[in-house]
Amino acid sequence: MSKETAEAIKKARKIVIKIGSNTLAKEDGTINTEFMSNFANQCKQLIKEGKQIILVSSGAQVAGVSTTKEWARKKDVHYRQALCAIGQVELMHQWRKAFQKQELHIGQLLLTKDDFKNEHRSLNIRNTLFTLVDEGLVPIINENDSVSFDEIKIGDNDNLSALTAILWSADLLILFSDIDGIYTDNPKTNKNAQLIEKVESIPELRNSITIGEANSFGTGGIETKIQAAEKVTEYGIEMLLANGGKENSLISLLEENSKGTLFRGC
């Protein structure tokens, strides 16, 4: 299956890549700048091969904690949103530095559910994405967490990246998380859980696995990743779920040295 995974990346020209909070966070909850620098290098390698990349990056709260450590334990929603406002600046600063080393510029888009529902706004998003990518820049998208509330909040970047992939007419969506893919059960608690490397029917998948809760830093979980797959495969876009914490995670998939779960034709 790693061969099919590699082929999915090789044949795709337009790729949306989502980086989860757990992938961006170090064990102490602060932002992993070494990972960001390495990942920008991997993106550059794909871009040199003629691929276009849009990055959906979580991590505003993580970056906020890195900047304002005394707020780390505050749970009040106003502090959480304030942390995102602080952290988004730091997050983009670190991504800018990482891509600058590769002689690439970035552009930022902060979005909410309303932006995708409104036809005029969604057209503007699409046009901005095409312009940035066509000019050789890397758009970096996140939810506008500092102003979002329940009515306009997407709630997780798995679904945000799926909506982005659909709007941009991507060929492939890659979700990088802290797990290798979809398992029959939680591999952290069940050593007999088996990795499912290919999914061609999401209804059958739902009937055959146990879906757990969201993890420590992230807002999603397996459920939101399946929801993302449901969205994009309906439009003929393949989706790959893989472990972003592995060394050279993106290139490793391309070179058949790493596994994941590939959703196609669901």
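These numbers come from a predicted model, not from an experiment. Once a new chain begins, its residue numbering starts again from 1 and follows that chain's sequence as written. Where totals are concerned, whole chains, interfaces and linings use all residues; where local detail is concerned, this predicted model gives features only for residues with pLDDT of at least 70, and gives and counts side-chain atom pairs only at 80 or more. The side-chain quantities take in all heavy atoms of the structure and omit both hydrogens and water.

Undergrad: Whenever I open this one, the overall build of the chain confuses me. Can you help?
TA: The helix count covers DSSP runs of H or I at least four residues long, the strand count covers runs of E at least two residues long, and both are numbered beginning at the N terminus. Broken down by element type, the chain carries 11 helices and 10 strands. For the exposure calls, accessible area comes from a 1.4 Å probe over protein chains only, and a residue counts as buried if that area is under 20% of its type's maximum, exposed if over 50%, partly exposed in between. Each of the 266 residues in the chain was classed as buried or not, and the buried ones make up 53%. Surface accessibility in these figures is a Shrake-Rupley result with a 1.4 Å probe; residues are shielded only by whichever protein chains are displayed. Of the roughly 12500 Å² of accessible surface on the chain, 45% is carried by carbon and sulfur atoms.

Undergrad: How should I be thinking about the sheet that holds strand β5 (residues 172–177) in this particular structure?
TA: Sheets are built from strands paired through backbone hydrogen bonds, the pairs being either parallel or antiparallel. The criterion for strand pairing is that DSSP finds at least two bridges linking the strands in question. A sheet is described by the order of its strands in space; here 8 strands give the open sequence β3-β4-β2-β1-β5-β9-β10-β8, paired in mixed fashion. One side of each edge strand has no neighbouring strand; the edge strands of this open sheet are β3 (106–111) and β8 (198–199). Two strands pair when backbone bridges link them, and strand β1 (residues 14–19) and β5 are joined in this way by 5 bridges, in the parallel orientation. Considered in β5, the bridge of I15 is made with L172. Note on contacts: a residue pair is in contact if any heavy atoms of the two residues lie within 4.5 Å. Orientation is described by lines fitted to C-alpha atoms, with helices fitted over the stretch in contact, and by angles between N-to-C directions that extend from 0 to 180 degrees. Against the sheet, helix α5 (residues 77–100) engages β2 (52–57), β3 and β4 (138–143), with an angle of about 155° to β3.

Undergrad: Quick question: what am I supposed to make of the environment of K101 here?
TA: The topology assignment puts K101 in the loop between α5 and β3. Polar contact is defined as a pair of N or O atoms within 3.5 Å, subject to the rule that within protein one atom must be able to donate a hydrogen and the other to accept it, and that residues adjacent in sequence are counted only when both atoms are side-chain atoms. In terms of polar contacts, K101 uses its side chain to reach the side chain of S37, at 3.4 Å.

Undergrad: How do you make sense of unusual backbone geometry when you look at a structure like this?
TA: Backbone phi values are negative for most residues with the exception of glycine, while trans is the configuration of most peptide bonds. Located in the positive-phi region is E103, a residue other than glycine, with phi close to 60°. Residue classification places E103 among the exposed positions, given a relative accessible area of 71%. In this model, E256 sits at a positive phi of 65°, which is unusual for a non-glycine residue. Relative to the helices and strands, E256 is located in the loop between α11 (249–254) and β10 (260–263).

Undergrad: Honestly, the packing of helix α4 (residues 60–67) against α5 in this entry has me stumped. Any pointers?
TA: Each pair of packed helices can be described by the angle between their axes along with the distance between the axes. Contact geometry of α4 with α5 gives a least axis separation of 6 Å together with a crossing angle of 85°. Classed by the angle they form, the pair α4 and α5 counts as roughly perpendicular. In this structure, α4 uses A60, Q61, A63, G64, V65 and T67 to contact α5, whose residues at the interface are R80, L83, C84, I86, G87, Q88, E90 and L91. All amino acids are sorted into three groups, where Ala, Val, Leu, Ile, Met, Phe, Trp, Tyr, Cys and Pro are nonpolar, Asp, Glu, Lys and Arg are charged, and the leftover types, Gly among them, are polar. Residue composition of the contact of α4 with α5, grouped by class: 7 nonpolar, 5 polar and 2 charged. Angles below 35 degrees are treated as roughly parallel, those above 145 as roughly antiparallel, those between 65 and 115 as roughly perpendicular, and all remaining angles as oblique.

Undergrad: What is the right way to look at the pattern of salt bridges in this model?
TA: As a working rule, side chains carrying opposite charge can pair if their charged atoms are close by. Definition used for salt bridges: Asp or Glu carboxyl oxygen within 4 Å of a side-chain nitrogen of Lys or Arg. Following the criterion strictly, the structure yields 13 salt bridges and no others. Ionic pairing is found between E4 and K198, a salt bridge with its closest N-O pair at 3.1 Å. One end of the pair, E4, is in helix α1 (residues 2–11); the other, K198, is in strand β8, with 194 residues separating them in the sequence. A relative accessible area of 27% places E4 in the partly exposed class. Given a relative accessible area of 31%, K198 falls into the partly exposed group.

Undergrad: Just checking my understanding: could you explain the environment of G136 for this structure?
TA: With respect to the element layout, G136 can be found in the loop between α7 (119–134) and β4. Expressed as a C-alpha distance, the spacing of G136 and Q52, which sit 84 residues apart in the sequence, is 8.2 Å.

Undergrad: I tried to follow the packing of aromatic side chains on my own but got confused; where do I start?
TA: Any two aromatic rings considered together are summarised by their centre-to-centre distance and by the angle between their planes. Any pair of Phe, Tyr and Trp rings, taking the six-membered ring for Trp, is counted once the centres come within 6.5 Å. Such a pair is stacked with planes under 30 degrees apart, edge-to-face with planes over 60 apart, and tilted for the rest. Taken as a whole and assessed by the stated rule, the structure comprises 3 aromatic pairs. Note on F35 and F39: the rings are 5.6 Å apart at their centroids and 25° apart in plane angle, and the pair reads as stacked. Of this pair, F35 and F39 both sit in helix α3 (residues 33–48), 4 residues apart, roughly one helical turn. Taken together, F35, F39 and F176 form an aromatic cluster joined through their ring pairs. As a reminder, the over-ring test applies to NZ of lysine and CZ of arginine, requiring each to be within 6 Å of the ring centre and within 35 degrees of the ring normal. For K14, the ring lying beneath its charged end belongs to W168, and the centroid distance is 4.9 Å.

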